[in-house]
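Inside the fold
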Amino acid sequence: MQAPILDTPPHVEKDATPVFLFVCKDGPTAPAARVAHLTGHLAHVEANWRRYIVAGPMRRPGETAICGSYFLLRATDVDEAWSIMRGDPYVTSDLYAEIEVTDVIPSIGLWVEGKIWADPASIAHRANGD
């Protein structure tokens, strides 16, 4: 028997583990570099799979060509997150022309299994960056 689908998300405790989003945009030699380093890249992400919440290639809507990759990963801090990323041959081969990293707060959704706020007042202080 399946669990009932809820119309409203349940309140859940916020996970204290920092989460970092890496958005990696391809450089001009990316297609060749992706093929050349595929085996090493896959070995790296498989070895670190428990650190990734999710990761994969990116495509522009309606296109089939890969334009980059995204990695959502857990780490104690941004230095540790970069350490994991620097072990990836896709990163060390300069496949990516640009890598942007952002510290994110998973707040609502299926992965979170609900929402991290009880009511708007409980998180109002965060709305202005506190």
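Residues numbered from 1 in each chain as written. Predicted model: local features only at pLDDT ≥ 70, side-chain atom pairs only at ≥ 80, totals over all residues. Heavy atoms only, no water.

1. Regarding the sheet that holds strand β4 (residues 96-104)
In sheet architecture, strand pairing relies on hydrogen bonds along the backbone and comes in two forms, parallel and antiparallel. Selection rule: Here the rule is simple: two strands pair whenever DSSP picks up at least two bridges between them. Only DSSP runs of H or I reaching four residues or more are called helices, and only runs of E reaching two or more are called strands; each is numbered from the N terminus. Structural elements are reduced to axes, namely lines fitted to C-alpha atoms, with helices fitted over the stretch in contact, and the angle between N-to-C directions of any two is expressed from 0 to 180 degrees. Here, two residues are considered to be in contact whenever any of their heavy atoms come within 4.5 Å of each other.
On the basis of which strands lie adjacent, the open sheet formed by four strands has the order β2-β3-β1-β4 and antiparallel pairing. Unpaired on one side and paired on the other, β2 (52-59) and β4 mark the two borders of the sheet. Sheet twist, expressed as the average angle between the axes of neighbouring strands with direction ignored, equals 15°. For strand β1 (residues 19-26) and strand β3 (residues 66-74), the ladder comprises seven bridges, and the chain directions are antiparallel. Within β3, the residue paired with C24 across the bridge is S69. Strands β1, β2, β3 and β4 of the sheet are contacted by helix α3 (residues 78-86), whose axis makes an angle of about 40° with β1.

2. Let's talk about the pairing of β1
Two strands pair when backbone bridges link them, and β1 and β4 are joined in this way by eight bridges, in the antiparallel orientation. From the neighbouring strand, V23 faces β4, where its bridge partner is E100.

3. As for the side chain of D26
As a reminder, the rule being used: Exposure classes here rest on a 1.4 Å probe applied to the protein chains alone. A residue is buried below 20% of its type maximum, exposed above 50%, and partly exposed in between. N or O atoms closer than or at 3.5 Å make up a polar contact, with two conditions inside protein: a donor-capable atom paired with an acceptor-capable one, and, for residues adjacent in sequence, both atoms drawn from side chains.
By secondary structure assignment, the location of D26 is in strand β1. Given a relative accessible area of 19%, D26 falls into the buried group. Only 2.8 Å separates the side chain of D26 from the side chain of R34, close enough to count as a polar contact. A polar atom in the side chain of D26 sits 3.5 Å from the backbone nitrogen of G68.

4. A word on the state of the cysteines
As a reminder, the rule being used: Here, a disulfide means two cysteine sulfur atoms that sit within 2.5 Å of each other.
Scanning the entire structure with this criterion turns up zero disulfides. Distance from the sulfur of C24, which forms no disulfide, to the nearest cysteine sulfur (C67) is 11 Å. The buried category is assigned to C67, whose relative accessible area is 16%.

5. Details of α3
Put simply, the rule is: Arc, as used here, means the arc of the directions from the helix axis to the C-beta atoms.
Where α3 is concerned, the buried positions are A81, W82, I84 and M85. Projected down its long axis, α3 shows its buried positions confined to an angular sector of 155°, all on one face. Exposed side chains of α3 directed beyond 90 degrees from the buried face belong to D79 and R86. Of the surrounding elements, those touching the buried residues of α3 are β1, α2 (38-47), β2, β3, α4 (89-92) and β4. If you check the start of α3, you find a side-chain oxygen 3.1 Å away from the backbone N of D79, and it comes from D77.

6. Observations regarding the packing of aromatic side chains
Heads up, the condition is: For Phe, Tyr and Trp, where Trp contributes only its six-membered ring, two rings pair if their centres lie within 6.5 Å, and the inter-plane angle classes them as stacked under 30 degrees, edge-to-face over 60, or tilted in between.
For the structure on display, the rule yields three aromatic pairs. Ring geometry for F22 against W82: centres 5.0 Å apart, planes inclined by 85°, an arrangement best described as edge-to-face. Taken together, the residues span a long stretch of sequence, with F22 in strand β1 and W82 in helix α3 at a distance of 60 residues. With respect to class, F22 is no different from W82; both count as buried. Centre to centre, the rings of Y52 and F71 are 6.0 Å apart; their planes meet at 45°, and the pair counts as tilted. Placement of the pair is Y52 in strand β2 and F71 in strand β3, with a sequence separation of 19 residues. Judged on exposure class, the residue Y52 and its partner F71 are both buried.

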